[in-house]
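Each chain, letter by letter, is given below.
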Amino acid sequence: MKLRAHHIFCIQGYIGKGYDEDFTHNMDKIVKHLKSNPKAKITITDSIDCICSKCPNNINNSNCQTQDKVTALDSKVIDLLNLEKDKTYTYNELLEILKNNLSIEKFSRICSSCQWFEYGYCKEAMSKLLKMT
């Protein structure tokens, strides 16, 4: 499974809401798969991934209508978590890396420009995840 780096954050805060029914159904499947398969293999990418494939902002499966924004988010997450683009990790490894390198303050700095940030789902989920360490 290929994932944009910033989608690691999105998965944590996902609560079953999304852009439309196709997007939500796809995201439901991805999140359920990862949470029930902690050894699932994930390759970090900075291009269209399995979540983007059903996003209404996806342009011909090659680009995003908000490309500059998502590219900046991916870059910030890759830098913060010391991830390598095109490297494969297990979902568990990514969660451990996230727990060891993230704080609520860092999360807020990275994600505050996201349209979903204002709802607080992600911040609440990240707070719970970080308390588990």
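These numbers were taken from a predicted model, which means no experiment stands behind them.

Draft legend 1. Spatial organisation of the sheet that holds strand E5 (residues 88-90). Overall, mixed pairing links the 3 strands, which are arranged E1-E2-E5 in an open sheet. Each of the sheet's edge strands pairs with one partner strand only, and the pair in question is strand E1 (2-4) and E5. For this sheet the average axis-to-axis angle between neighbouring strands, irrespective of direction, equals 45°. Direction of pairing for strand E2 (residues 41-45) relative to E5: antiparallel, over a ladder of 3 bridges. The residue of E5 that forms the bridge with Thr-43 is Thr-88. Those strands touched by helix H3 (residues 67-81) are E1 and E2, and its axis lies near 100° from that of E1. Contacts between helix H4 (residues 91-101) and the sheet are confined to E2 and E5, with E5 contributing the most and set at about 85° to the helix.

Draft legend 2. Focus on the pairing of E2. For E2, the buried fraction is high: 4 of the 5 residues fall into the buried class. Relative to E2, E1 is paired through 3 bridges, and the arrangement is parallel. Its bridge partner lying in E2, Lys-2 is registered against Thr-43.

Draft legend 3. Spatial organisation of the packing of aromatic side chains. Under the defined criterion, the tally for this structure stands at 6 aromatic pairs. Summarising the aromatic geometry, the rings of Phe-9 and Phe-107 are spaced 6.1 Å apart at their centres and angled 45° between planes, so their arrangement reads as tilted. One end of the pair, Phe-9, is in helix H1 (residues 7-13); the other, Phe-107, is in helix H5 (residues 104-111), and 98 residues separate them in sequence. Taken together, a centroid distance of 4.9 Å and an interplanar angle of 80° make the contact between Tyr-19 and Phe-23 edge-to-face.

Draft legend 4. How the structure looks around the environment of Asn-100. Summarising the element assignment, Asn-100 is placed in helix H4. Given the relative accessible area of 59%, Asn-100 is considered exposed. The sequence separation of Asn-100 and Leu-130 amounts to 30 residues, and the corresponding C-alpha distance is 8.4 Å.

Draft legend 5. Representation of the pattern of salt bridges within the structure. Throughout the structure, instances matching the rule amount to 5 salt bridges. Close ionic contact of Asp-46 with Lys-85 constitutes a salt bridge, the shortest N to O distance being 3.8 Å. With Asp-46 in the loop between E2 and strand E3 (58-59) and Lys-85 in the loop between H3 and E5, this pair connects stretches of sequence that are 39 residues apart. Asp-46 gets classed as partly exposed once you look at its relative accessible area, which sits at 35%. The exposure class of Lys-85 is partly exposed, given its relative accessible area of 40%.

The rules behind the values
Residues numbered from 1 in each chain as written. Predicted model: local features only at pLDDT ≥ 70, side-chain atom pairs only at ≥ 80, totals over all residues. Heavy atoms only, no water. Pairing = 2+ DSSP bridges. Helix = DSSP H or I, 4+ residues; strand = E, 2+ residues; numbered from the N terminus. Axes fitted to C-alpha atoms, helices over the stretch in contact; angles between N-to-C directions. Contact = heavy atoms within 4.5 Å. Buried < 20%, exposed > 50% of the residue type's maximum accessible area, 1.4 Å probe, protein only. Phe/Tyr/Trp six-rings, centres within 6.5 Å; stacked < 30°, edge-to-face > 60°. Salt bridge = Lys/Arg side-chain N within 4 Å of Asp/Glu carboxyl O.

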